[in-house]
Amino acid sequence: YGAFMGYGFRMGPFYAGTEVSSNWSDMAFNPGTISVKAFDATEKGTADETVTGGEASLEYTAGVSGRLGYYLNPATLFVLNGGLSGSQFDVRWGNAGERGGSEEYWDPGVSYGVGIESTVFDGVAVRLNWTFTDYYDAEVFGIGSIVEHGGNVSVEIQPTMSVAHLGLLYTF
């Protein structure tokens, strides 16, 4: 669930605008095996380790985007959007039977998408849009340790997200 607010203007059959949005989520995903790099404080260099269990959850997202569109008819707008987005993730990892670690982190990314809006009543419209976000690679470090190497865990994740939203708009 979430909320958005924006400003836009119509130029004949064309539309241009900007929007800020925020979404909350309890969406969780299990990436399965995670490649981990253990930094050994007693020796030079690093050692690789594979962790067999991992889970991440998306807590919330905020973003700003530009929107360009074309009115298919007086009540229906086709729109393309693009902008910057950031999300708060909670990442947990570990091997079966062993204590693992977890860390929350904020990861920014680039979002783009497509949508359609159609007026249903005066000042009220329905929106359906799809957005793809490509987050920057994130290294989550410093929580827990790998017993064999005695170092701190560094987990690199490369999240992407594809989301469809259905919403109501109030325009004035």
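Residues numbered from 1 in each chain as written. Predicted model: local features only at pLDDT ≥ 70, side-chain atom pairs only at ≥ 80, totals over all residues. Heavy atoms only, no water.

Draft legend 1. Layout of the pattern of salt bridges. Summed over the entire model, instances satisfying the criterion amount to four salt bridges. We note a salt bridge from E19 to R67, for which the minimum N-O separation is 3.8 Å. Taken together, the residues span a long stretch of sequence, with E19 in strand 2 (residues 14–24) and R67 in strand 6 (residues 53–73) at a distance of 48 residues. For the pair E19 and R67, one class covers both residues: buried. Here E117 ties to R67 by a salt bridge, and the two come within 2.4 Å at their closest N and O atoms. Taken as a pair, E117 in strand 8 (residues 101–121) and R67 in strand 6 lie far apart in primary sequence, 50 residues in all. Take E117 and R67: they sit in the same class, and that class is buried. (Salt bridge = Lys/Arg side-chain N within 4 Å of Asp/Glu carboxyl O. Helix = DSSP H or I, 4+ residues; strand = E, 2+ residues; numbered from the N terminus. Buried < 20%, exposed > 50% of the residue type's maximum accessible area, 1.4 Å probe, protein only.)

Draft legend 2. Spotlight on the side chain of R127. Mapped onto the fold, R127 is located in strand 9 (residues 124–135). Setting aside residues up to four positions removed in sequence, R127 forms contacts with F4, E19, R67, I116, E117, H165, L166, G167 and L169. (Contact = heavy atoms within 4.5 Å.)

Draft legend 3. Layout of the environment of V120. Examined against the element boundaries, V120 turns out to sit in strand 8. Distance in space between the C-alpha atoms of V120 and L168 is 9.8 Å, their sequence separation being 48 residues. If we skip the residues at most four places from it in the chain, V120 touches A125 and V126.

Draft legend 4. Inspection of the packing of aromatic side chains at higher detail. Scanning the entire structure with this criterion turns up eight aromatic pairs. Measuring from centroid to centroid gives 5.7 Å for Y60 and W106, while their planes differ by 40 degrees, and the two rings are tilted. With a gap of 46 residues between them, Y60 in strand 6 and W106 in strand 8 connect regions that are remote in the sequence. By relative accessible area, Y60 is classed as partly exposed at 33%. Put simply, the rings of Y112, W130 and F132 touch in pairs and so form one group of aromatic residues. Seen from the ring of Y71, R10 lies directly overhead, with NZ or CZ sitting 3.6 Å from the centre. (Phe/Tyr/Trp six-rings, centres within 6.5 Å; stacked < 30°, edge-to-face > 60°. Lys NZ or Arg CZ within 6 Å of the ring centre and 35° of its normal.)

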